[in-house]
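# Structural description and commentary
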Amino acid sequence: MNDVAHVWYCAFSKSQSKLPEFELLLSKDEKKRAANFKFKKDRNSYIISRGILRALLGSYLGLSPTEIEFEYTSYGKPYLSHNPLNFNVSHSGDMAAFAFFLESEIGVDIEKIKDDFDALELARHFFSKNEIESLEKQPRAELSRAFYRCWTRKESIIKAEGSGLSFPLNKFTVSLDNDHQATLAATDWEATEKSKWSLFSFVPQEHYIMAIATRKKNTTVQYFNWHTIQV
Ligand code: COA
Ligand code: MG
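Think of each chain on its own: its residues are numbered from 1, step by step along the sequence as written. Just so you know, chain letters begin at A and ligand numbers begin at 1, following the order they were written in. Whole-chain, interface and lining totals are the exception, using all residues; otherwise, since this is a predicted model, local features are given only for residues with pLDDT of at least 70 and side-chain atom pairs are given and counted only at 80 or more. Just so you know, side-chain values use all the structure's heavy atoms and leave hydrogens and water out.

### Focus on the environment of Lys159
The test is simple: Only DSSP runs of H or I reaching four residues or more are called helices, and only runs of E reaching two or more are called strands; each is numbered from the N terminus. Residue contacts are defined here by distance: any two heavy atoms, one from each residue, within 4.5 Å place the two residues in contact.
As for its position among the elements, Lys159 is in helix α6 (residues 143-161). Linking Lys159 and Ala34, residues 125 residues apart in sequence, is a C-alpha distance of 22 Å. Residues contacting Lys159, with those up to four places away along its chain left out, are Lys77, Asn88, Val89, Ser90, Ile106, Gly107 and Val108.

As structure tokens, this is what we get:
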């Protein structure tokens with residue numbers, strides 16, 4: 001997988017029977033965090049997501065899933081302290097996504113596409129001037145979908161970068177008019193920065209969209225459905 005990023009996705013509803021198995025893989029800290037979720041649904045999703053992450057990392061690193069030890073940056077991003085494999089996780093609704101890459105930082109964001117909000121209003125708070133203009137040109141029926149294309153792409157970049165909301169969201173521009181083609185069109189603070197990144201968009205299931213970002217140009221991505229290829 002050296003020069004190829006691997007991206008896995010799963011549906012929590014299809015993993016419920018494995019919950020006890022996944023729970024056994026969790027560390028003390030993770031079990032504590034799981035116990036603190038108010039809603040059972042969120043607790044179960046967290047257990048499944050950490051269980052699958054551990055199973056995948058174990059398989060990539062040739063370790064038992066319980067041997068994986070996470071460190072956290074001051075922004076809360078988990079990483080492996082003694083291994084160069086970069087990874088990132090995202091979850092939304094019934095789905096989770098897991099991205100792995102050796103060559104650079106990687107960020108992934110998955111979102112369930114909803115349409116019960118004012119996409120333009122929210123975009124005006126978070127998006128760049130050019131993104132807002134592109135969104136305004138979208139047909140009404142495409143508006144929330146285009147919003148989530150933009151959101152996931154921006155968030156995958158922020159998550160690769162790792163500094164959370166302190167990263168200036170309106171200072172870079174991504175494309176939003178196509179489900180399958182994603183580009184980082186502008187990075188305002190340094191014009192050449194955009195050419196150092198690769199950005200991808202993927203539809204894992206109806207009503208969901210995800211984006212993957214690496215800080216390495218010409219990255220390629222392979223996608224895997226956890227439910228059809230288990231490790
Ligand atoms: N950077 C990258 N990844 C991080 C992270 C960070 N600073 N902090 C946590 N993560 C990882 C964790 O693995 C976490 O999963 P876990 O809680 O099960 O361990 C996972 O990312 C959560 O990702 P996601 O499901 O996409 O969550 P989110 O969208 O609610 O939050 C963060 C994303 C964690 C980066 C959040 O701190 C944040 O900054 N959100 C910004 C949201 C936003 O305004 N986006 C604008 C897009 S236009
Ligand atoms: Mg997210």
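Here the narrative resumes.
### What to know about the packing of helix α4 (residues 119-126) against α6
Using the following cut-off: Between the N-to-C directions of two axes lies an angle of 0 to 180 degrees, each axis being a line fitted to C-alpha atoms and, for a helix, fitted only over the stretch in contact. An angle below 35 degrees is treated as roughly parallel, one above 145 as roughly antiparallel, one from 65 to 115 as roughly perpendicular, and anything else as oblique. By the definition used in this description, the sense in which the near helix is turned from the far one sets the handedness, with an anticlockwise turn below a right angle giving left-handed and a clockwise turn giving right-handed.
Close contact between α4 and α6 brings their axes to 10 Å; oriented N to C, the two are set at 25°. Classified by the angle their axes make, α4 and α6 are roughly parallel. Relative to α6, α4 is oriented so that their crossing is left-handed. For the pair α4 and α6, contact is made by Ala119, Leu120, Leu122, Ala123 and Phe126 and by Leu143, Phe147, Trp151 and Lys154, respectively.

### Digging into the side chain of Arg50
To keep things clear, this is the line we draw: Buried means the residue's accessible area, taken with a 1.4 Å probe over protein chains only, is under 20% of the maximum for its type, while exposed means over 50%, and partly exposed covers the values in between. Polar contacts here mean pairs of N or O atoms no more than 3.5 Å apart (in protein, one a potential hydrogen donor and the other a potential acceptor; neighbouring residues in sequence count only if both atoms are side-chain atoms).
In this fold, Arg50 is placed in helix α3 (residues 40-61). By relative accessible area, Arg50 is classed as buried at 8%. A polar atom in the side chain of Arg50 sits 2.8 Å from the side chain of Tyr72. Excluding residues that lie within four positions of it along the chain, Arg50 makes contacts with Leu26, Glu30, Arg33, Phe70, Tyr72 and Pro78.

Keep in mind that these numbers describe shape and distance, not what the molecule does.
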